[in-house]
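# Remarks on the overall topology
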Amino acid sequence: MSQPTLLVTGAGGHLGRLVVETLLESGAGKVIGTTRDPSKLADLAAKGAEIRAADFDRPETLAAAFAGADRMLLVSTDVIEKTGRRLGQHRNAVAAAVKAGVRHIAYLSGPSPYPTPEPSLIGDHFWTEQAIAASGLDFTMLRDHIYADMLLFSLPHAIATGTLYTATGNRGRNYVSRADCVAVAAAVLERAEGKSLLEVTGPAPVTQDEVAALASEVTGKPVKHVALPAEAMRQGLAAAGLPPAMAEGLVAFDVAAAEGFHAITTSVVKDWTGREPESVRDFLIANAAALKA
Ligand SMILES: NC(=O)c1ccc[n+]([C@@H]2O[C@H](COP(=O)([O-])OP(=O)(O)OC[C@H]3O[C@@H](n4cnc5c(N)ncnc54)[C@H](OP(=O)(O)O)[C@@H]3O)[C@@H](O)[C@H]2O)c1
């Protein structure tokens, strides 16, 4: 039997690009990468991927972009607004996938999605999952937990000031590296059958007290964690200049952790890649130079 044609949306993003590279290296057959600006992906085309233009804000681009694809990794977009635009983008992509004859959608979702009264990062994931389930296609919801890579954005300020603020109530969060999520996504895109939900986690939850201690250990600088109420955290992020939708999204993820939704552990990384997931400690040690800089 011939290999199915695999398509990765958002091939210009961190995750999408790495998934395309992983598929090409593993000899996965025909690989299509879609992106808003194909000129930026000439290197992937040279390695053997077919690069096509697709913009979820412009549904008229999607029929040609998705033509011939059997299986699709739908990478959620990075649009952070309270307008509902991101959900509209994802719904456009799902509708176009159905029309193009895609059989299986793997969707890059988030940890334990739930509906929110107004558009939000986690609400978008919930409603996109609903749209995919309603499409009748086979699917895999890749509920990637918070990337350990996000610590490279939050910890430098904590290391510089000596204080890590969160609204997690010091409940655990099971960080997973983006590299592990890339490997899972590539394997799922190639092999998953039927309809399933996968919570993609690291090896064990860590509390923010533990994250602060690890940051101290890795950099040699004292860092302590201070648990804030959600509203104080939101005000702090806004005062630091974060756009309101971004601040609300980050606080909502902290509140979800405080409620225990980020503390689960699954064997998804090992099941799909054959390797143990990277721990936060190993991730921070591997990135010590960036944290010390
Ligand atoms: N679990 C977590 O902790 C976590 C952390 C960060 C992000 N995420 C989610 O995972 C996604 C991928 O992460 P990343 O690190 O690769 O993000 P990234 O590098 O910021 O990439 C953003 C992605 O959004 C796509 N995109 C933006 N506008 C689009 C549009 N109009 N039509 C189609 N695609 C569009 C981009 O595709 P092109 O540039 O190729 O068009 C790109 O793949 C993010 O967008 C976010 O939803 C999760």
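So, a few notes on the structure that sits alongside this text. Just so it is clear, the model here is predicted, and its values are computed rather than measured.

## Remarks on the overall build of the protein chain
Counting its secondary structure elements, the protein chain contains 13 helices and nine strands. For the protein chain, the C-alpha radius of gyration of 19 Å lies close to 19 Å, the compact-globule estimate for 293 residues. Summarising its shape, the C-alpha atoms of the protein chain cover approximately 55 × 40 × 35 Å along the three principal directions. The proportion of buried residues among the 293 residues of the protein chain is 46%. Long-range pairs, those at least 24 residues apart, make up 77% of the contacts in the protein chain between residues at least 6 apart in sequence.

## Quick word on the nonpolar core
Most often, soluble globular proteins have nonpolar side chains that are buried together. Counting residues in hydrophobic clusters, the biggest one holds 82 residues, and the most contacted among them are L73, I105, L142, V184, A185 and A215. The greatest single-element share of this core, amounting to nine residues, is contributed by helix α7 (residues 178–191). With near-sequence residues (within four places) excluded, L142 lies in contact with A106, Y107, L108, S109, V184, A185, V188, L198 and V200.

## Regarding the site of the ligand
Among the 25 residues in the neighbourhood of the ligand, the closest are listed as G10, G12, G13, L15 and T35. Tallying contributions element by element places helix α1 (residues 14–25) first for the shell around the ligand, with three residues. Grouping the amino acids of the shell around the ligand by side-chain chemistry returns nine nonpolar, 11 polar and five charged.

## So, the packing of helix α4 (residues 85–100) against helix α5 (residues 121–135)
Packed helices, taken two at a time, are described by the angle between their axes plus the distance between the axes. It is at 10 Å that the axes of α4 and α5 come closest, and there the two elements cross at 15 degrees. By the criterion of interaxial angle, the relationship of α4 to α5 is roughly parallel. The two elements α4 and α5 meet at a crossing, and its hand is right-handed. Contacts between α4 and α5 involve R86, L87, H90, R91, V94 and V98 from the former and D124, W127, T128, A131, I132 and S135 from the latter.

## Overview of the pairing of strand β7 (residues 163–166)
The side chains of a regular strand alternate, residue by residue, between the two faces of the sheet. Alternating positions in β7 separate cleanly, L164 and T166 being buried on one face and T163 and Y165 remaining unburied on the opposite face. Two elements, β7 and strand β9 (residues 224–227), share four bridges in a ladder whose sense is parallel. Counterpart to L164 in the pairing with β9 is H225.

## As for the pairing of strand β4 (residues 71–74)
Neither face of β4 is left uncovered, since the one carrying R71 and L73 and the one carrying M72 and L74 both have all their residues buried. As paired strands, strand β1 (residues 6–8) and β4 are joined by three bridges and run parallel to one another. Across the sheet, the residue bridging to L6 is R71, located in β4. Bridge count for β4 against strand β5 (residues 104–109) is four bridges, and the pairing is parallel. Pairing of R71 across the sheet is with H104, part of β5.

The rules behind each value
- Residues numbered from 1 in each chain as written.
- Predicted model: local features only at pLDDT ≥ 70, side-chain atom pairs only at ≥ 80, totals over all residues.
- Helix = DSSP H or I, 4+ residues; strand = E, 2+ residues; numbered from the N terminus.
- Rg over C-alpha atoms; globule rule 2.2 N^0.38 Å.
- Buried ≥ 20, exposed ≤ 12 C-beta atoms within 10 Å, placed from the backbone.
- Contact = placed C-beta atoms within 7 Å.
- Core = buried A, V, L, I, M, F, W, Y, C linked by C-beta atoms within 7 Å.
- Near = placed C-beta within 6 Å.
- Nonpolar A, V, L, I, M, F, W, Y, C, P; charged D, E, K, R; others polar.
- Axes fitted to C-alpha atoms, helices over the stretch in contact; angles between N-to-C directions.
- Parallel < 35°, antiparallel > 145°, perpendicular 65-115°, else oblique.
- Left-handed = near helix turned anticlockwise from the far one by under 90°.
- Pairing = 2+ DSSP bridges.

By themselves, these are just geometric observations and shouldn't be taken as functional.
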